[in-house]
Amino acid sequence: MGEAGLSSIFGGAVVFKNDATGELFLGVWGARNASRFRRLIRTNMQTINFKDPPSARLVFWQAEEVRPRSVRK
């Protein structure tokens, strides 16, 4: 999916990378988006919730002016 895909689904995203460990930290804005994001990502990988930025380098940041409509399956 990549950063652009994540941003297009949630109306914005942020990616941090810890260069020492190689860990990636993904984030979205808003309580509803965060809940949806956690639900989608938990099925494929381990999750840790942060309210503040992790001690890692900012790799990608994008915010849309308008939140995209939700996709129903």
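Per chain, residues are indexed from 1 in the order of the written sequence. The predicted origin of the model limits local features to residues at a pLDDT of at least 70 and limits the giving and counting of side-chain atom pairs to 80 or more, whereas totals for whole chains, interfaces and linings rest on all residues. The side-chain figures draw on all heavy atoms in the structure; neither hydrogens nor water molecules are used.

Undergrad: Any chance you could explain the nonpolar core here in plain terms?
TA: Nonpolar side chains tend to gather and get buried jointly when the protein is soluble and globular. Membership of the largest hydrophobic core is limited to seven residues, which are Leu6, Phe10, Ala13, Val28, Ala34, Phe37 and Ile41. Put simply, DSSP H or I for four residues or longer makes a helix, DSSP E for two residues or longer makes a strand, and each gets a number counted from the N terminus. Put simply, the parts of the chain that give this core at least two residues each are helix 1 (2-10) and helix 2 (31-42). When residues of this core are assigned to their parent elements, the largest contribution, three residues, is made by helix 2. In this analysis, two residues are considered to be in contact whenever any of their non-hydrogen atoms come within 4.5 Å of each other. With residues up to four places along the chain from it excluded, the contact list for Phe37 reads Leu6, Phe10, Leu26 and Val28. In this description, a nonpolar core means a group of buried Ala, Val, Leu, Ile, Met, Phe, Trp, Tyr and Cys residues linked to one another through side-chain atoms lying within 4.5 Å. Accessible area is worked out with a 1.4 Å probe on protein chains only. A residue is then buried under 20% of its type maximum, exposed over 50%, and partly exposed in between.

Undergrad: Could you clarify how one ought to interpret the pairing of strand 1 (residues 12-17) in this entry?
TA: Each regular strand carries side chains that alternate between the two faces of the sheet. With five of six residues buried, strand 1 is to be regarded as a mostly interior element. Across six bridges, strand 1 lies against strand 3 (residues 57-63) in antiparallel orientation. Each residue of the ladder has a partner; that of Gly12, found in strand 3, is Ala63. By definition, two strands form a pair when at least two bridges between them are found by DSSP. Relative to strand 2 (residues 24-27), strand 1 is paired through four bridges, and the arrangement is antiparallel. Across the sheet, the residue bridging to Phe16 is Phe25, located in strand 2.

Undergrad: Before we go on, may I ask you to explain a nonpolar patch on the surface in this structure?
TA: Grouping into patches uses exposed residues only, defined as over 30% relative accessible area, and leaves out salt-bridged ones; the cut-off is 9 Å for like charges and 5 Å for nonpolar side chains (Val, Leu, Ile, Met, Phe, Trp, Tyr). Shrake-Rupley sampling with a 1.4 Å probe provides the accessible areas, and residues are treated as covered by the protein chains on show and by no other component. Here, a salt bridge means any side-chain nitrogen of Lys or Arg that lies within 4 Å of a carboxyl oxygen of Asp or Glu. On the surface, Trp29, Leu58 and Trp61 cluster together into a nonpolar patch covering about 360 Å² of accessible area. Relative to the helices and strands, Leu58 resides in strand 3.

Undergrad: Teacher, can you tell me more about the environment of Val15 here?
TA: Relative to the assigned elements, Val15 resides in strand 1. Exposure remark for Val15: the relative accessible area of 3% places this residue in the buried category. A sequence separation of 44 residues divides Val15 from Val59, and the C-alpha atoms of the two residues are 5.5 Å apart. Sequence-distant contacts of Val15, defined by excluding residues within four places in its chain, comprise Glu3, Leu24, Phe25, Leu26, Arg57, Leu58, Val59 and Phe60.

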